[in-house]
Amino acid sequence: MINTINIGDERLAEFERVFNLFDANADGSLTRQEITEALEVLGQGISMGDRANLLDR
């Protein structure tokens, strides 16, 4: 089941802008490396164990 939230156009545009900053190859999805880099840039670097736990689901 997919949960949806209702956000305004400005907020959606901001999410898209930030997403595009981290989508290095502009393919519309984030690779494991792009996610890892995004977390590090945002000051949320994670351990190798936590990374595997998060990304191997």
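Calculation criteria
Residues numbered from 1 in each chain as written. Predicted model: local features only at pLDDT ≥ 70, side-chain atom pairs only at ≥ 80, totals over all residues. Heavy atoms only, no water. Helix = DSSP H or I, 4+ residues; strand = E, 2+ residues; numbered from the N terminus. Rg over C-alpha atoms; globule rule 2.2 N^0.38 Å. Buried < 20%, exposed > 50% of the residue type's maximum accessible area, 1.4 Å probe, protein only. Areas by Shrake-Rupley, 256 points an atom, 1.4 Å probe, with all protein chains shown as cover. Lys, Arg positive; Asp, Glu negative; His and termini not counted. Charge placed at Lys NZ, Arg CZ, Asp CG, Glu CD. Salt bridge = Lys/Arg side-chain N within 4 Å of Asp/Glu carboxyl O.

Novice: Describe the overall build of the protein chain, and please don't skip the residues or the numbers.
Specialist: Secondary structure assignment for the protein chain yields three helices and zero strands. What you see in the protein chain, going N to C, is helices and strands ordered as α-α-α. For the protein chain, the C-alpha radius of gyration of 13 Å lies well beyond 10 Å, the compact-globule estimate for 57 residues. The C-alpha extent of the protein chain, read off along each of the three principal axes, is 35 × 30 × 25 Å. The 57 residues of the protein chain split such that 11% are buried. Total accessible area on the protein chain stands at roughly 5,000 Å², and carbon and sulfur atoms take up 53% of it. Within the protein chain, the 11 negative side-chain charges are centred at a point lying 6 Å from the centre of the 5 positive side-chain charges.

Novice: If you had to explain the pattern of salt bridges to someone new, which residues and values would you point to?
Specialist: Scanning all chains against the criterion turns up one salt bridge. The salt bridge partner of Glu14 is Arg17, with a shortest N-O separation of 2.9 Å. With Glu14 and Arg17 both in helix H1 (residues 9–22) and three residues apart, the pair spans about one turn of that helix. Overall, the relative accessible area of 44% leaves Arg17 in the partly exposed class.

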